[in-house]
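In case you want the letters, here they are:
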Amino acid sequence: AYIQVLNRVLPEDIRVLAWCPHPPEGFDARFSCRERRYRYFFTQPAFSPTPGAFGFENRAATGKGERTKYREGWLDIDGMREAAKHFEGTHDFRNFCKLDTSKQIENFERIIFHSDIKLVNPKTHPLGYVGQPGFQITEDFEPDVDMLSSQQPEPTVPQVYSFDLYGSAFLWHQVRHMVAILFLVGQGLESPSIVPELLDITKNPRKPSYEMASDAPLVLWDTIFPDESAESREDALDWVYAGDPRLNRSRSAKGDSKYGLNGAVESLWTVWRQRKMDEILAGALLDLVVSQG
């Protein structure tokens, strides 16, 4: 039970979910990876909005030739999404990375398969599974279809978005630099056209000075190891997941704990619940401070 052995010695918020007992000959966890998928989470608004007059105007004019005014703190998500799409394709990303002088990299071209900004729907994520059949509160409970399908919650309620990025490989701190530029667009300090401008190294052969985004919300969400003899981008490794029937050949199913995950569900629920309480308490204090201001 290799997964359980590893999980016993790992911190409670790190869980091994699967392992591959028979990787292909010559397999290397780093160099055999053909696609890396990152997610960068951020809040909307990005910081507490300032009362009073509206702040910046977005760069995209509406059909009437007008511009939408945003209060400072809120982000222009549509502008960020437009900018993010410019990353897709094969580009030279020397203006979107931190240069490592020790390695003397000469090739800055990387392939981006997918680049988009998506709402992390609070009605389905996180823990959307508790509303699915088999987890419902009562026998006759039927989830609200609008609740499960809605992607447009109330705009005045703080939300969480993620910048989803799939690429063949990445340069040093590349994702954090890309996010930094998206935040400048979101705050109305740059137009979405800043991305193709910086990708054009003939116009901008040297990287401008700007601060890269924090590393805290950045997650390496998935790694893809396809069959190198095929043209598919699908993962081809034979993973043995926690709860796989092959793990129970020499032991009774009764010896396995909840959902066959040997306590992974219970331990992660405890982690989530504690941090949810931290969020609620911090939010309650923030509401109190603003109400007295």
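Refer to the structure presented above.
Residues take numbers from 1 onward in each chain, read along the sequence in its written order. Restriction of local features to residues with pLDDT of at least 70 applies here, the model being predicted, together with a cutoff of 80 or more for giving and counting side-chain atom pairs; totals for whole chains, interfaces and linings are based on all residues. Based on all heavy atoms of the structure, the side-chain values leave hydrogens and waters out of the count.

Engineer: Sorry, what's going on with the pattern of salt bridges here?
Structural biologist: When charged atoms on two side chains of opposite charge get close, those side chains can pair. The term salt bridge refers to a side-chain nitrogen of Lys or Arg lying within 4 Å of a carboxyl oxygen of Asp or Glu. All told, the structure shown has 11 salt bridges when counted by the stated rule. Note that glutamate 35 is salt-bridged to arginine 37, the shortest N-O span being 2.9 Å. Throughout, exposure labels follow a simple rule: accessible area from a 1.4 Å probe, protein chains only, divided by the maximum for the residue type, with under 20% read as buried, over 50% as exposed, and the rest as partly exposed. Overall, the relative accessible area of 23% leaves arginine 37 in the partly exposed class. Residue glutamate 197 pairs with lysine 203 through a salt bridge whose shortest N-O separation is 3.8 Å. For glutamate 197, a relative accessible area of 33% corresponds to the partly exposed category. If you follow the salt bridges from partner to partner, you end up with Glu35, Arg37 and Arg233 in one network.

Engineer: How should the packing of helix α2 (residues 77–85) against helix α4 (residues 174–186) be read in this particular structure?
Structural biologist: Between two packed helices, the angle of one axis relative to the other and the distance separating the axes together describe the packing. With axes taken as lines fitted to C-alpha atoms, and helix axes fitted only over the stretch in contact, angles between N-to-C directions fall between 0 and 180 degrees. Helix and strand definitions follow DSSP, with helices as H or I runs of at least four residues and strands as E runs of at least two, each counted in order from the N terminus. Relative orientation of the contacting elements α2 and α4 amounts to 140°, with a least axis distance of 8 Å. Every pair of crossing elements has a handedness; the one defined by α2 and α4 is right-handed. Residue-level contacts link Gly79, Met80, Ala83 and Ala84 of α2 to Leu182, Phe183, Val185 and Gly186 of α4. When residue character is reported, Ala, Val, Leu, Ile, Met, Phe, Trp, Tyr, Cys and Pro are called nonpolar, Asp, Glu, Lys and Arg charged, and the others, Gly included, polar. For the contact of α2 with α4, the per-class residue count stands at 6 nonpolar, 2 polar and no charged. For any helix crossing, the convention is left-handed if the near helix is rotated counterclockwise from the far helix by under a right angle, and right-handed if that rotation is clockwise. Residue contacts are defined here by distance: any two heavy atoms, one from each residue, within 4.5 Å place the two residues in contact.

Engineer: Would you take a moment to explain the side chain of glutamine 44 for this structure?
Structural biologist: Topologically, glutamine 44 is positioned in strand β2 (residues 35–44). Here leucine 75 takes part through its backbone nitrogen, which lies 2.8 Å from a polar atom of the side chain of glutamine 44. What qualifies as a polar contact is a pair of N or O atoms within 3.5 Å, subject to a donor-acceptor requirement within protein and to the restriction that residues adjacent in sequence count only when both atoms come from side chains.

Engineer: Looking at this structure, I do not really get the packing of aromatic side chains. What am I missing?
Structural biologist: When we look at a pair of aromatic rings, we describe it by the centre distance and by the angle of the planes. Here is the rule: rings of Phe, Tyr and Trp (six-membered ring for Trp) pair when centre to centre is within 6.5 Å. Planes less than 30 degrees apart are stacked, more than 60 are edge-to-face, and the remainder are tilted. According to the stated counting rule, one finds 11 aromatic pairs in the structure shown. Among the aromatic residues, ring-to-ring pairing joins Tyr40, Phe42, Tyr161 and Phe183 into one connected group. The ring centre of tyrosine 210 lies 5.3 Å from the NZ or CZ of lysine 207, which sits over that ring. Only when the NZ atom of a Lys or the CZ atom of an Arg is both within 6 Å of the ring centre and within 35 degrees of the ring normal do we say a charge sits over the ring. Above the plane of the ring of phenylalanine 113 lies arginine 233, whose end atom (NZ or CZ) is 4.1 Å from the centre.

Engineer: How should I be thinking about the pairing of strand β5 (residues 159–167) in this particular structure?
Structural biologist: On any regular strand, side chains alternate: one points to one face of the sheet, the next to the other face. The buried fraction of β5 is high, at 7 of 9 residues. Inspection of the sheet shows strand β4 (residues 109–120) paired to β5 by 8 bridges, in the antiparallel sense. Opposite isoleucine 112, over in β5, you have glycine 167 as the bridge partner. Whether two strands pair depends on DSSP finding at least two bridges between them.

Engineer: Please clarify how the environment of threonine 50 should be interpreted in this entry.
Structural biologist: Checked against the element boundaries, threonine 50 lands in the loop between β2 and α2. When its relative accessible area of 43% is taken as the criterion, threonine 50 is described as partly exposed. For threonine 50 and tryptophan 74, which are 24 residues apart along the polypeptide, the C-alpha to C-alpha distance reads 9.6 Å. Once you skip the residues sitting within four places of it in the chain, threonine 50 turns out to touch Arg71 and Glu72.

Engineer: Teacher, can you tell me more about a nonpolar patch on the surface here?
Structural biologist: Here the term patch refers to residues with relative accessible area over 30% and no salt bridge, with like charges joined within 9 Å and nonpolar side chains (Val, Leu, Ile, Met, Phe, Trp, Tyr) within 5 Å. Here the accessible surface of atoms and residues is derived via Shrake-Rupley with a 1.4 Å probe, and residues count as covered only by protein chains that are part of the display. Taken together, Val9, Leu10 and Ile14 make up a surface patch of nonpolar side chains, about 260 Å² in accessible area. Within the secondary structure layout, valine 9 lies in the loop between α1 (2–8) and β1 (18–19).

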